[in-house]
Each structure stands twice: as structure tokens, then as C-alpha cells.
Amino acid sequence: MKYFLNRTAQVIPVLLIVSFILFFLVHISGDPVDIMLSENATEEDRETLRQSLGLDKPFIIQYFIFLTNMITGDFGKSIIYGQAALPIVLERIPATFELMLASIILSTAIAIPLGVLSAVKRNSPIDLLISGISILGKAMPNFWVGLMLILLFSVNLKIFPVSGTGSVFHLVLPAITIGSAMAAQMTRLLRSNMLDVLSQDYIRTAKSKGVKRLSIVYIHALRNSLLPVITVIALQISTLVGGALITETIFSWPGLGQLTIEAINARDMAVVQACVITIAVFVIIVNLIADLIYRFVDPRIRY
């Protein structure tokens, strides 16, 4: 409980730093009054709107007003949608969560058997093949993978839909696009850790006692190799969100990434701020959960 409280307390300064950087970048991006009013607006209209938004106050005062509003969930009104920004963002979270969860499940389902097989068959042709595929998967950028998948499976073979949502088939290509790089990294990391664990004394002792090979590999070695994999999954959440920004746009997936890109292009700063803070909170929570999972995976860990 003490560890959990300490880790939770660390969330506050992180969010403060993120909020300050975000507000500073939005502040220097331009005057929002120019976006909200037409070119025919008088200077008096501009000044009235600027005062109503608090933009006539010093920078630090504006930041504290923004911080106070952020705590209450008030990020302002969206220019595009004409309503509060936070509810718009919350509506898109389930779609992004669905895509990220599918990507993690897919990458884990690929990485664990390939990583174990590569370690068990060390320096064999199978190991070299898996290592080569992993390097290739890590090297290919998400947007290129997405476009190639669309050309192959949607345009030519017509197996999966090009874009949109509504069924499991719509989810396959975006999940592969985001999860491919993650699967490649997890495979190589798991292989490295499996090789290290398989060389430990207790593994040799288990072999000398006649323990079955499958039990040694999947019960003893794999379990002790999972901690780095959990770390990678937690750290890759932010990367998955970043990849979703492009992937959701390519596949017209109605998630948080597509909303963020649309808001940036339209300079809808209320929505941009709500999106960034929401993503930051989500990443922090995921890393906190990963820290707590360590204890259940490896009982030797003490907080």
C-alpha cells in the first residue's frame, strides 16, 4: 500500500510538467482569437473576446486559470464541434482502447512463441529467420506498413475493408500495423532474456532431475523472462498512442489519434489540450499498473 501511495503521488508533478509544456506550446502557437473570429471583425470585438477568454492576463495567470479548469475537466469549447472538449475526447477513447488492446494481444501472441522458439533453437536457421524478421519488423515505419497492407489485402485481395469500423475485419489491418513493430521488439527482448535464464544454475538443476523440457522452458524459464516484456509493453503504450495518431488517420479509425490530428489541423486547441492530457493520464496509469504487476509475476520482488 505504501508503494502504491508513493507511486500515485508521483503522478501529480508529472501531470503538472505535462500541463505546463502543453500550455506553453499552445500559447506560442498563435492567438486563438484570430481563429475564432472572421477577418471582418473589429478590433473592439477582438479585445472583448480576448478579455472573455482571459487572454489579456499575464502568462502565469493564464496558466493557473488553465490548471484550475483542467482539474475540473474544463478544457474549453471546441471550435469544430461547438461543445465542451472533454466529452468529445471521452467518446473517442473506447475506439482507441479497442485498437491498442488488439495490437497488444496480437503482438504478444506473436512475440512469445517466436521469442521462446528462437531461444530454444539458438543459432539454428529458425533462429536466424526469426531474428531477421524481427529486425525487418522493427525497421519498417507504421505508415508504410499500413499503406502496404491496404494495397495488398484491401485493394488487390479484397479480404479486409480499406477503412472505417464496425466489425472485427475492420480491426485486423490497423492492429497489425501498430503491433508489428512492438512484436518485433518483444521477440528479440524475450529471446535475449530466455537465453540468459536458460543458462542459470537452477535450470541445469531442473534438467539433471529429469524435469520435462516443456516444463523447464514454459514454467521456469518463460516466467522469469516476462518482467522485461511487461516493461516493454508498458513503455510501448506511449509509442502505441503515437502510432495510433497516424494509423487511425490512414484507416479512418474513429479514435483519439484521428481526433487529435483533426484538432491540430483545425487549430482547435481546446480539443488538442484535452487529448494530450487524456493520453498523458492514460500512459501514467498504465506504467503504474505495470509496476504493480511485477510483484505478481515475480514473488522475489519486494517494494
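Since the structure is predicted, the reported quantities are computational estimates derived from the model, not experimental observations.

Conventions and cut-offs
- Residues numbered from 1 in each chain as written.
- Predicted model: local features only at pLDDT ≥ 70, side-chain atom pairs only at ≥ 80, totals over all residues.
- Heavy atoms only, no water.
- Axes fitted to C-alpha atoms, helices over the stretch in contact; angles between N-to-C directions.
- Helix = DSSP H or I, 4+ residues; strand = E, 2+ residues; numbered from the N terminus.
- Parallel < 35°, antiparallel > 145°, perpendicular 65-115°, else oblique.
- Left-handed = near helix turned anticlockwise from the far one by under 90°.
- Contact = heavy atoms within 4.5 Å.
- Nonpolar A, V, L, I, M, F, W, Y, C, P; charged D, E, K, R; others polar.
- Phe/Tyr/Trp six-rings, centres within 6.5 Å; stacked < 30°, edge-to-face > 60°.
- Buried < 20%, exposed > 50% of the residue type's maximum accessible area, 1.4 Å probe, protein only.

Chemist: Before we go on, may I ask you to explain the packing of helix α2 (residues 11-28) against helix α5 (residues 59-71) in this structure?
Modeler: Axes are the key here: two packed helices are described by the angle between their axes and the distance separating the axes. Across the interface, α2 lies against α5 with an axial gap of 11 Å and an inter-helix angle of 125°. Taken together, the axis directions place α2 and α5 in an arrangement best described as oblique. In the crossing of α2 with α5, the sense of the turn from one axis to the other is right-handed. Residues L16, S19, F20, L22, F23, F24 and H27 of α2 form the contact with α5, whose own contacting residues are F59, Q62, Y63, F66, L67 and M70. Partitioned by chemical class, the residues of the contact of α2 with α5 number ten nonpolar, three polar and no charged.

Chemist: Would you take a moment to explain the packing of aromatic side chains for this structure?
Modeler: The relation between two aromatic rings is expressed through the spacing of the ring centres and the mutual angle of the planes. Evaluated as defined, the whole model comprises nine aromatic pairs. Between F20 and F59 the ring centres are 6.0 Å apart and the planes differ by 85°, which places this aromatic pair in the edge-to-face class. Taken together, the positions of F20 in helix α2 and F59 in helix α5 put the pair 39 residues apart, joining distant regions of the chain. Since its relative accessible area comes to 35%, F20 is described here as partly exposed. Note on F20 and Y63: the rings are 5.3 Å apart at their centroids and 80° apart in plane angle, and the pair reads as edge-to-face. Here F20, found in helix α2, pairs with Y63, found in helix α5; they are 43 residues apart in sequence, far enough to count as distant. Through a chain of ring-to-ring contacts, three or more aromatic side chains come together here, namely F20, F23, F24, F59, Y63, F64 and F66.

Chemist: Would you mind showing me how to read the environment of V271 here?
Modeler: Along the chain, V271 turns up in helix α13 (residues 269-297). As a C-alpha pair, V271 and A85 span 186 residues in sequence and 5.0 Å in three-dimensional space.

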